[in-house]
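Structural overview for review
Listed below are the residues making up each chain.
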Amino acid sequence: MSELFQAVIASDEKTELRQFVSDLRTLGKKYLLRNDIVNAFAAYCTKYEKPEQFHQSSLLSKLIYYVQEIILEDGSLCVLLRPKIASMEIVRVADDLTVEQMTVQELLDVRDRFVNHFHPQEGDILELDFGPFYDYSPTIRDPKNIGKGVQFLNRYLSSKLFQDARQWQETLFNFLRLHRYNGVQLLINDRIKSQEQLSEQVKKALTFVSDISEEEGYERFRLVLQLMGFEAGWGNTAARVHETLGILDELIDSPDPQTLEAFISRIPMIFNIVLVSPHGWFGQEGVLGRPDTGGQVVYVLDQAKSLEKQLQEDIHLAGLDSLGVKPKVIILTRLIPNSDGTRCNERLEKVHATENAWILRVPFREFNPKLTQNWISRFEIWPYLETYAIDSEKELLAEFQGKPDLIVGNYSDGNLVAFLLSRKLKVTQCNIAHALEKSKYLFSNLYWQESEDKYHFSLQFTADIIAMNAANCIVSSTYQEIVGQPDSVGQYESYHCFTMPDLYHVVKGIELFSPKFNVVPPGVNESVYFPYTRIEDRVQGDRDRLNELLFTLEDPEQVFGKLDDPHKRPLFSMARLDRIKNLTGLAELFGKSQELQEKCNLILVAGKLRVEETEDYEEAEEIKKLYAIIDQYNLHGKIRWLGVRLSKSLSGEIYRVIADAQGIFVQPALFEAFGLTILEAMITGIPTFGTQFGGPLEIIQDGVNGFYINPTNHEDTAQKILDFLSKCEHNPNYWYEISTRGIDRVYSTYTWKIHTTKLLTLARTYGFWNYSSKEEREDMLRYIESLFYLIYKPKAKALLAEHANR
Ligand code: UDP
Ligand code: LCN
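Please read these numbers as outputs of a predicted model, since none were measured by experiment.

The subject of this paragraph is the overall build of the chain. Across its full length, the chain holds 32 helices and 25 strands. Summarising its shape, the C-alpha atoms of the chain cover approximately 85 × 70 × 60 Å along the three principal directions. By sequence separation, contacts in the chain at least 24 residues apart represent 72% of the contacts at least 6 residues apart. In the form shown here, the chain has an accessible surface area of approximately 31600 Å², with 51% of it arising from carbon and sulfur atoms. Each charge sign in the chain was given a centre, from 88 positive and 113 negative side chains, and these centres are 3 Å apart.

Right, here's the structure in full:
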């Protein structure tokens, strides 16, 4: 990449570069991020009347495209380039335009200098480097395959089985011997004593089963198979047993990735799963829309239901019904004694519509009753997690009557607890981020000290680094969550190298090419969210009530605003009132556009209406701001703001009522990790405008089944909506076309069935991988433990002391 620099310097564009650098210095900013740089270059082109060709395809424009950040120092610039996804190069460009390569360490020093936290005279700062631990594990080469960990591992493992046949077949044989349910041996018993014998017996069993009629139930020929060395778990019918043994036979003789995946995904090794989601209000009713309580709760609940169903199906197909095998899924969360009308003070709650899925609530120890009796913001809960993990371990062992087979963490706190539990119980750990705050809050690491009293990012980012490295696998909802796009950094990628001034430097925080990363997007609850056209499944009474609530009801307790014309097309949005969700930005862009106001009403569903009702700082600020915007742009008569918490079924119906009115859905977040409301709106059939910053970029295909917006550009966003409205006016079918394609998009790509099938396959694959390569992780886990004890714990203790003084 520095070749591109050299190319600019060697060309007649050298003077342009010099002029551009000199113009950058007049901007008054010393730390420029990508957006600033792109804007500065556009301004440069306008100022000097450069032709379009220069702006778009000159050497300098190409170079600018790759620049992620520039820090201006006296006499030189430090430039961070991202020549391709998941890679970076750092150069120093002196004023005379000489270019030299910089190390990561030097870059981190420059950043510290920028915030006046560079003190080399006091000694070196601690450097965290996970690089060496990944050196001897296999890594993906091509960035476009990042996030396809299971596929990669299957290729890798099957090639091992091929090259190193003896040793790997032995590993496979020993792995098959491990599986038990409640002490009952599964798959193979002691009659098979070696891998050679396994191979012979498989062939014999195949011959035997092929003579039995296909539908014959397993119980009918179980004894013969047992004598041959095979226990339950191969299938529920002769056909299924034949199929599974056939796959194993093929795997032993000629291993290939597809056969390996097919075989591993049939191994009955997962019966009990724990999903860890400590913070927030975790419940089935009356919790959504509170601070910290949004998509994560929806996701985990739906995932629990779907996992149970999939496990039941798998267990049935494996022929384990007669052993009384019953899968169990536990959602582990915190018990909140002062539960504000929710069920969060109950220890155990059955998940609706399941046989054996439960919410298990474990309280934080009473270190500080004033706090631990109540809801605690996710930014404050760090001191309570270690003891929480200890207490939870006991409760889980009792509930499962043994160890779980898989532990899935959710969000930074849940992932840390998942790490502590997995380490203790020696169980596969899977992480799900939902949202990584580091990329949500600009410069959150650089200025961590300034915002520590409010956000405690030193704890959160340390917890993140610990958990993401410890995890056996990481499930992400999108590709860009891991490594972004050609022109923007991914959420996990932002942990690759960063400084926490005065605390530590991270020179390699995560291996993005590790096969632990897997893109497995969530689905949407199809019995709650479904197309508005399915009239037969809708409840007329709910529909009428919601029509009134949305458009006409006068009840200041629940609704702010009275519409002048309730029949205008609704421009609808629903989100928690946090800054990043940017409902206030939507109100503002609506306020600025007379044309939008003429054509639409703005309808917002947000948890609250009054500052007095919240303990959350951001929520209070957003409430104040929304009122100010309504007054500033005189939106009275044009906006309805609903401060309600809807039941699950009503939250599905509310979208359908909006669709009945031919409304549109706008998701204006400044950044959205994934965006479940986008799926909900689309599956309902509401044409959806989603932020281009984050997950919606992968869900929506712009102009095909929805639209992207840049919510920081109010005029462009308003115009994009107006263009859609004008198309609808000219072609009454247009609304229906986008609506139908949105519905198709969700059903084809974002269902829970697709999600859980994939998740269970990867859990089994990592279980096998973990078993076959366990010695190679111990050194990293020891390093991680040191970080936990030496960095995380002292900080958590200090925060606890601070809480005691509140
Ligand atoms: N939600 C709700 N009521 C509200 C706000 C949100 O029911 O007042 C639900 C919404 O339907 C969706 C989830 O909360 O299921 C929000 O998920 P999303 O992924 O869009 O955002 P998050 O809140 O997790 O950042
Ligand atoms: C958290 C978020 O911020 C959303 O973007 C996701 O959709 C949600 O969690 C579920 O993963």
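Alright, that's what it looks like, and here's the rest.
Running from N to C, helix H9 (residues 165-177) and helix H10 (residues 195-210) point in directions that differ by 75°, and their axes come no closer than 9 Å. Taken together, H9 and H10 sit at an angle that is classed as roughly perpendicular. Touching Arg 166, Gln 169, Glu 170, Phe 173 and Leu 176 of H9 are Gln 195, Glu 196 and Leu 198, all from H10. Taken together, the residues of the contact of H9 with H10 break down into three nonpolar, two polar and three charged.

Moving on: the site of ligand 2. With respect to spatial proximity, the complete set of residues near ligand 2 consists of Gly 295, Gln 296, Tyr 299, His 434, Ala 435, Glu 672, Ala 673, Phe 674, Gly 675 and Leu 676. Contact distances for ligand 2 include 2.6 Å between an oxygen atom and a side-chain N or O atom of His 434. Look at ligand 2: alone it shows 300 Å² of surface, and the protein chains cover 91% of it. Per element, the largest residue contribution to the shell around ligand 2 is three residues, and it comes from helix H14 (residues 295-317). The residue inventory of the shell around ligand 2, partitioned by class, reads five nonpolar, four polar and one charged.

Below, the discussion takes up the packing of aromatic side chains. Inspection of the entire model under this criterion finds 51 aromatic pairs. Measuring from centroid to centroid gives 6.1 Å for Phe 379 and Phe 457, while their planes differ by 90°, and the two rings are edge-to-face. In this pair, Phe 379 sits in the loop between helix H15 (369-372) and helix H16 (385-400) while Phe 457 sits in helix H20 (residues 457-470), placing the two residues 78 residues apart along the sequence. Phe 379 gets classed as buried once you look at its relative accessible area, which sits at 7%. Of the residues examined, Phe 457 reaches a relative accessible area of 2% and is grouped as buried. Arranged with centres 5.6 Å apart and planes meeting at 50°, the rings of Tyr 441 and Phe 457 form a pair that is tilted.

This part is about the side chain of Gln 68. As for its position among the elements, Gln 68 is in strand S2 (residues 67-73). The class for Gln 68 is buried, based on a relative accessible area of 12%. For Gln 68, the contacting residues outside a window of four places in its chain are Leu 32, Leu 33, Arg 34, Ile 37, Leu 80, Leu 81, Arg 82, Asp 487, Ser 488 and Val 489.

Taken as a whole and assessed by the stated rule, the structure comprises 53 salt bridges. A salt bridge links Glu 196 to Arg 166; the shortest N-O distance between them is 2.8 Å. Of this pair, Glu 196 sits in helix H10 while Arg 166 is found in helix H9, placing the two residues 30 residues apart along the sequence. Where Lys 328 meets Glu 399, a salt bridge forms, and the shortest distance between an N and an O atom there is 3.7 Å. Residue Lys 328 is found in strand S10 (residues 328-335), and its partner Glu 399 is found in helix H16; the two are separated by 71 residues along the sequence. Judged by its relative accessible area of 13%, Lys 328 falls in the buried class. Taken together, the shared-partner salt bridges in this structure form one network comprising Arg 538, Arg 543, Glu 653, Arg 656 and Asp 660.

Moving on, we come to the pairing of strand S15 (residues 473-476). Side-chain alternation along S15 places Cys 473 and Val 475 on one buried face and Ile 474 and Ser 476 on a second face that is also buried. Pairing analysis gives three bridges linking strand S14 (residues 428-432) to S15, with the strands arranged parallel. Paired with Cys 430 across the bridge in S15 is Cys 473.

On to H20. Here H20 spans 19 Å end to end across 14 residues, near enough to the 20 Å set by a 1.5 Å rise per residue. Within H20, 14 of the 14 residues are buried, leaving the element largely enclosed by the surrounding structure.

Ranked by size, the top nonpolar core spans 155 residues in total, and within it Leu 198, Phe 230, Leu 248, Phe 572, Leu 596 and Phe 724 carry the most contacts. Setting aside residues up to four positions removed in sequence, Phe 572 forms contacts with Leu 550, Ile 603, Val 605, Ile 654, Tyr 655, Ile 658, Ile 664, Phe 665 and Val 666. Phe 130, Ile 140, Leu 332 and Val 427 belong to the second-largest nonpolar core, a separate cluster that totals 75 residues.

In the neighbourhood of ligand 1, 18 residues make up the surrounding shell, with Gly 295, Arg 576, Lys 581, Leu 676 and Glu 680 lying closest. Between ligand 1 and Gly 295, the relevant distance is 2.5 Å, taken from an oxygen atom to a main-chain nitrogen or oxygen of the residue. Separating an oxygen atom of ligand 1 from a side-chain N or O atom of Arg 576 is a distance of 2.8 Å. The fraction of the free accessible surface of ligand 1 (540 Å²) that becomes covered by protein chains is 91%. Elements with a contribution of two residues or more to the shell around ligand 1: H14 and helix H27 (676-684). The class makeup of the residues in the shell around ligand 1 is seven nonpolar, seven polar and four charged.

This part covers the environment of Ser 61. The residue Ser 61 is located in helix H5 (residues 59-66) in this model. For the pair Ser 61 and Phe 41, spaced 20 residues apart in the sequence, the C-alpha separation amounts to 8.0 Å. The contacts of Ser 61, once residues within four sequence positions are left out, are Phe 41, Phe 54, His 55 and Gln 56. Side-chain polar atoms of Ser 61 contact the backbone oxygen of Gln 56, separated by 3.3 Å.

Before going further, it helps to examine the packing of H9 against helix H31 (residues 752-772). If you want to describe how two helices pack, look at the angle between their axes and the distance between the axes. Contact pair H9 / H31: the axes reach a minimum separation of 11 Å and the direction vectors enclose 115°. Like other packed secondary-structure pairs, H9 and H31 cross with a definite hand, here right-handed. On the side of H9, the interface is formed by Trp 168, Thr 171, Leu 172, Asn 174 and Phe 175, while H31 contributes Gly 767, Phe 768, Tyr 771 and Ser 772. Along the lines of polarity and charge, the residues of the contact of H9 with H31 split into five nonpolar, four polar and no charged.

Conventions adopted
Residues numbered from 1 in each chain as written. Chains lettered and ligands numbered in written order. Predicted model: local features only at pLDDT ≥ 70, side-chain atom pairs only at ≥ 80, totals over all residues. Heavy atoms only, no water. Helix = DSSP H or I, 4+ residues; strand = E, 2+ residues; numbered from the N terminus. Contact = heavy atoms within 4.5 Å. Areas by Shrake-Rupley, 256 points an atom, 1.4 Å probe, with all protein chains shown as cover. Lys, Arg positive; Asp, Glu negative; His and termini not counted. Charge placed at Lys NZ, Arg CZ, Asp CG, Glu CD. Axes fitted to C-alpha atoms, helices over the stretch in contact; angles between N-to-C directions. Parallel < 35°, antiparallel > 145°, perpendicular 65-115°, else oblique. Nonpolar A, V, L, I, M, F, W, Y, C, P; charged D, E, K, R; others polar. Near = heavy atom within 4 Å. Polar contact = N/O pair within 3.5 Å; in protein donor to acceptor, adjacent residues only side chain to side chain. Phe/Tyr/Trp six-rings, centres within 6.5 Å; stacked < 30°, edge-to-face > 60°. Buried < 20%, exposed > 50% of the residue type's maximum accessible area, 1.4 Å probe, protein only. Salt bridge = Lys/Arg side-chain N within 4 Å of Asp/Glu carboxyl O. Pairing = 2+ DSSP bridges. Expected span 1.5 Å × (residues − 1). Core = buried A, V, L, I, M, F, W, Y, C linked by side-chain atoms within 4.5 Å. Left-handed = near helix turned anticlockwise from the far one by under 90°.

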